[in-house]
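# Structure at a glance
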Amino acid sequence: MSDFREDLKRYRNRKTGKFDWNEPSIIVVALYRWGRWIRSLRFAPARFLLNCLFVPLYGFFTCLIGIALPRGAKIGGGLRIDHFGAIVISPGAVIGHNCTIRQGVTIGNRKSLDDIPVLGDDVNIGAGAKILGAIHVGNGARIGANAVVLSDIPDGCTAVGVPAKILSSHA
């Protein structure tokens, strides 16, 4: 639950401190956290019954909102998804704390099902970016809009282009 509390904090307006009710992506983030919790239950009958509720809800909201955030991914607290739609995260992806993802982003495999990216903390991903393969994106990295990241990005760097190249370090 603490990860979801961190997520909710990131959905507050910085100026007013009020919750941003206009961002439907929070529904998918909440479903992701609920799905992870269900997987952690040891009592199999309860897990089965809750999965009977979860699976159709997840499918419905994934189609409606256009964000595939499978509970197999490991995502730290403080996730913020700006501008919902056309976001695909691989079930094996690892995403650190306080990351921001925008519309049209894909975080997934490149050659096989198990070559999945690992993103550090405080990563900011621009609209339309693709992060593919068994690579590491460092803490505090920024990925530019429409960048295609196919190799490691060090901590505190900005990557842009197709394929992405390191533009600068802001650490």
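Before reading on, note that the structure itself is shown above.
The structure contained in this document is the topic of the report that follows. Not measured: the values here are computed from a predicted model.

Looking only at helices and strands, the protein has three helices and 15 strands in total. On C-alpha atoms alone, the protein measures out to a radius of gyration of 16 Å, which is about the 16 Å that the 2.2 N^0.38 rule sets for 171 residues. Overall, the C-alpha framework of the protein stretches about 50 × 45 × 25 Å when taken along its three principal axes. When each of the 171 residues of the protein is scored for burial, the buried share is 44%. Taking the contacts inside the protein whose residues are at least 6 apart along the sequence as the reference set, 30% of them involve residues at least 24 apart.

With that out of the way, let us pick up the sheet that holds strand 3 (residues 80-81). Taking strand neighbours across the sheet as the criterion, the six strands line up as 3-6-9-12-14-15 in an open arrangement whose pairing is mixed. What marks the edges here is a single partner per strand, and that holds for strand 3 and strand 15 (165-169). In the sheet, strand 12 (residues 142-143) pairs with strand 14 (residues 157-160) via two bridges, with the strands oriented parallel. Residue pairing across strands places arginine 142 opposite threonine 158, the latter belonging to strand 14.

This part is about the pattern of salt bridges. In the structure shown here, the tally under the stated rule is four salt bridges. The shortest N-O distance in the salt bridge between aspartate 7 and arginine 33 comes to 2.7 Å. Here arginine 33 lies in helix 2 (residues 25-40) and aspartate 7 lies in helix 1 (residues 2-10), a separation of 26 residues in the sequence. Residue arginine 33 is classed as buried on the basis of its relative accessible area, which comes to 12%.

Turning our attention to the side chain of aspartate 7. Its relative accessible area of 0% is what places aspartate 7 among the buried residues. From its side chain, aspartate 7 meets the backbone nitrogen of leucine 79 in a polar contact 2.8 Å long. In contact with aspartate 7, other than residues within four places in its own chain, are Val29, Arg33, Gly76, Gly77, Gly78 and Leu79.

Bringing the packing of aromatic side chains into the picture now. If you walk through the whole model with that rule in mind, you get four aromatic pairs. Seen in terms of ring centroids, phenylalanine 54 and tyrosine 58 are 5.7 Å apart; in terms of plane orientation they differ by 20 degrees. Their pairing is stacked. Of the two residues, phenylalanine 54 and tyrosine 58 both sit in helix 3 (residues 44-65), four residues apart, roughly one turn of that helix. With a centroid separation of 5.0 Å and an interplanar angle of 80 degrees, the aromatic rings of phenylalanine 60 and phenylalanine 61 are classed as edge-to-face. For phenylalanine 60, a relative accessible area of 49% puts it in the partly exposed group. Counting every residue linked through ring pairs, the aromatic cluster contains Trp34, Phe54 and Tyr58.

Cut-off values and rules
- Residues numbered from 1 in each chain as written.
- Predicted model: local features only at pLDDT ≥ 70, side-chain atom pairs only at ≥ 80, totals over all residues.
- Heavy atoms only, no water.
- Helix = DSSP H or I, 4+ residues; strand = E, 2+ residues; numbered from the N terminus.
- Rg over C-alpha atoms; globule rule 2.2 N^0.38 Å.
- Buried < 20%, exposed > 50% of the residue type's maximum accessible area, 1.4 Å probe, protein only.
- Contact = heavy atoms within 4.5 Å.
- Pairing = 2+ DSSP bridges.
- Salt bridge = Lys/Arg side-chain N within 4 Å of Asp/Glu carboxyl O.
- Polar contact = N/O pair within 3.5 Å; in protein donor to acceptor, adjacent residues only side chain to side chain.
- Phe/Tyr/Trp six-rings, centres within 6.5 Å; stacked < 30°, edge-to-face > 60°.

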